[in-house]
Amino acid sequence: GAVVSQHPSRVICKSGTSVKIECRSLDFQATTMFWYRQFPKQSLMLMATSNEGSKATYEQGVEKDKFLINHASLTLSTLTVTSAHPEDSSFYICSARRLMTGGGTDTQYFGPGTRLTVL
Amino acid sequence: AQKITQTQPGMFVQEKEAVTLDCTYDTSDPSYGLFWYKQPSSGEMIFLIYQGSYDQQNATEGRYSLNFQKARKSANLVISASQLGDSAMYFCAMRFTSGSGYSTLTFGKGTMLLVSP
């Protein structure tokens, strides 16, 4: 099946630093990728939609200056958490959209997630 | 507004038995897609099965089948012959077109399935 990688899988950083998370689609091109955030024992919440070659679309309540998204190629999207604070500690998951076999519809394949801890 | 409801926070099943995980949805869009994902303790979201709103037949993928009842707006996941490795969190999700024009997913709160020997 489709494979999406995410790097790093875990990161611990000091408050005030910036952290970059990479999301790659390994065996298909993805014009659209998504970034989600998941708190412990809760569901995934969509943060933003990342489109190759254009600005990301952020969901309501998500600070675009804090969570910078760059979709520079058809296989790579990055999320940078700027000036991270302890409340940014969470599990961040990316997904890449791919047309399903036979066309006409699509599904999202998820990366393994990145656990961010801000001290 | 689109909404996904999973009313079972947790389910227990014995190995080799079948289990049904409930999912109901609400949308005014005539065209939508329903998905089930599995999230083991490692955190990765694993795609299991998909049902389109216009599909006439219930989707099946190996031991997974989706009991799609459109009039009731339900899309329950049935896992036959449960295995210990099926223990995980299961999320039902619906694809819809957001206000920005992009196709995106909204997730239910999830059901934790525990399979016992």
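Here the structure is a predicted model, which means the values were calculated and not measured.

With that settled, consider the interface of chain A and chain B. With 22 residues of chain A at the interface, the matching set in chain B holds 19 residues. Ranking the residues of chain A by area buried against chain B places Ser43(A), Leu44(A) and Phe110(A) at the top, with a combined share of 25%. The tally of links from chain A across to chain B stands at four residue pairs in polar contact (both at pLDDT 80 or more). Broken down by secondary-structure element, the contributors of at least two residues to the side of chain A that touches chain B are strand 4 (32-38), strand 5 (44-51), strand 9 (90-99) and strand 10 (106-110) of chain A. With five residues, the single largest contributor to the side of chain A that touches chain B is strand 10 of chain A. For the side of chain A that touches chain B, the residue count by class is 10 nonpolar, 10 polar and two charged.

Per the counting criterion, the structure on display carries two disulfides over all chains. Between Cys23(B) and Cys92(B) runs a disulfide, and the two sulfur atoms are separated by 2.0 Å. Between Cys23(B) and Cys92(B) the sulfur-sulfur dihedral comes to about -65°; the bridge is accordingly left-handed. Placement of Cys23(B) in the loop between strand 3 (19-21) and strand 4 (24-26) and of Cys92(B) in strand 10 (residues 88-97) is noted, with a sequence separation of 69 residues between them. Accessibility classification places Cys23(B) together with Cys92(B) in one group, the buried group. Cys94(A) supplies the cysteine sulfur nearest to Cys13(A), a cysteine that is in no disulfide, at a spacing of 18 Å. Among the residues examined, Cys13(A) registers a relative accessible area of 10% and is labelled buried.

Let us now look at the confidence of the model for chain B. Summing up the model confidence of chain B, the mean pLDDT is 92 and the portion of residues at 70 or higher is 96%. Highest mean pLDDT in chain B belongs to strand 3 of chain B (98); lowest belongs to strand 11 (residues 103-107) of chain B (85).

Our focus in this paragraph is the sheet that holds strand 8 (residues 76-81) of chain A. All names here are of chain A. Spatial ordering of the open sheet is given by 1-3-8-7, a layout of four strands whose pairing is antiparallel. Each of the sheet's edge strands pairs with one partner strand only, and the pair in question is strand 1 (4-7) and strand 7 (67-73). Pairwise comparison of adjacent strand axes, ignoring direction, gives a mean angle of 15° for this sheet. Inspection of the sheet shows strand 3 (residues 19-25) paired to strand 8 by six bridges, in the antiparallel sense. Within the sheet, the bridge partner assigned to Glu22 lies in strand 8 and is Thr78.

Moving on, we come to the nonpolar core. Ranked by internal contacts, the top residues of the largest apolar core, which has 25 residues, are Val4(A), Trp35(A), Phe67(A), Ile69(A), Leu79(A), Tyr92(A) and Leu116(A). Put simply, the parts of the chain that give this core at least two residues each are strand 2 (10-13), strand 3, strand 4, strand 5, strand 7, strand 8, strand 9 and strand 11 (114-118) of chain A. Discounting chain neighbours no more than four positions away, the residues touching Tyr92(A) are Gln6(A), Ile21(A), Tyr36(A), Arg37(A), Met47(A), Phe67(A), Leu79(A), Gly113(A), Thr114(A) and Leu116(A). Judged by nonpolar contacts, the second largest core, of 24 residues, contains Leu34(B), Trp36(B), Ala88(B) and Tyr90(B).

Residues Phe12(B), Met112(B) and Leu114(B) make up a contiguous nonpolar surface patch of roughly 320 Å² in combined accessible area. Mapped onto the elements, Met112(B) comes out in strand 12 (residues 111-116).

Take the pairing of strand 5 (residues 33-39) of chain B next. Residues and elements named next belong to chain B. Along strand 5, seven of the seven residues are buried, which leaves the element largely enclosed by surrounding structure. Alternating positions in strand 5 separate into two faces, Gly33, Phe35, Tyr37 and Gln39 on one and Leu34, Trp36 and Lys38 on the other, with burial throughout. The pairing of strand 5 with strand 6 (residues 46-52) spans six bridges and is classified as antiparallel. If you follow Trp36 over to strand 6, its bridge partner there is Ile49. Connecting the antiparallel pair strand 5 and strand 6 is a turn made up of six residues, with Gly43 showing a positive phi of about 100°. Across seven bridges, strand 5 lies against strand 10 in antiparallel orientation. Its bridge partner lying in strand 10, Leu34 is registered against Met94.

With that settled, consider the packing of aromatic side chains. All names here are of chain B. Enumeration according to the criterion identifies 16 aromatic pairs over all chains in this entry. Plain terms: the ring middles of Tyr25 and Phe68 are 6.5 Å apart, the flat faces sit at 20° to each other, and that makes the pair stacked. Of the two residues, Tyr25 sits in strand 4 while Phe68 sits in strand 8 (residues 64-69), which places them 43 residues apart along the sequence. Where Phe91 meets Phe107, the ring centres are 6.3 Å apart and the plane angle is 90°; that geometry is what we call edge-to-face.

What counts, and where the lines are drawn
- Residues numbered from 1 in each chain as written.
- Chains lettered and ligands numbered in written order.
- Predicted model: local features only at pLDDT ≥ 70, side-chain atom pairs only at ≥ 80, totals over all residues.
- Heavy atoms only, no water.
- Contact = heavy atoms within 4.5 Å.
- Buried area = accessible area lost by both parts, 1.4 Å probe.
- Polar contact = N/O pair within 3.5 Å; in protein donor to acceptor, adjacent residues only side chain to side chain.
- Helix = DSSP H or I, 4+ residues; strand = E, 2+ residues; numbered from the N terminus.
- Nonpolar A, V, L, I, M, F, W, Y, C, P; charged D, E, K, R; others polar.
- Disulfide = S-S within 2.5 Å.
- Buried < 20%, exposed > 50% of the residue type's maximum accessible area, 1.4 Å probe, protein only.
- pLDDT = per-residue confidence, 0-100.
- Pairing = 2+ DSSP bridges.
- Axes fitted to C-alpha atoms, helices over the stretch in contact; angles between N-to-C directions.
- Core = buried A, V, L, I, M, F, W, Y, C linked by side-chain atoms within 4.5 Å.
- Patch = residues over 30% accessible without salt bridge, like charges linked within 9 Å, V, L, I, M, F, W, Y side chains within 5 Å.
- Areas by Shrake-Rupley, 256 points an atom, 1.4 Å probe, with all protein chains shown as cover.
- Salt bridge = Lys/Arg side-chain N within 4 Å of Asp/Glu carboxyl O.
- Phe/Tyr/Trp six-rings, centres within 6.5 Å; stacked < 30°, edge-to-face > 60°.

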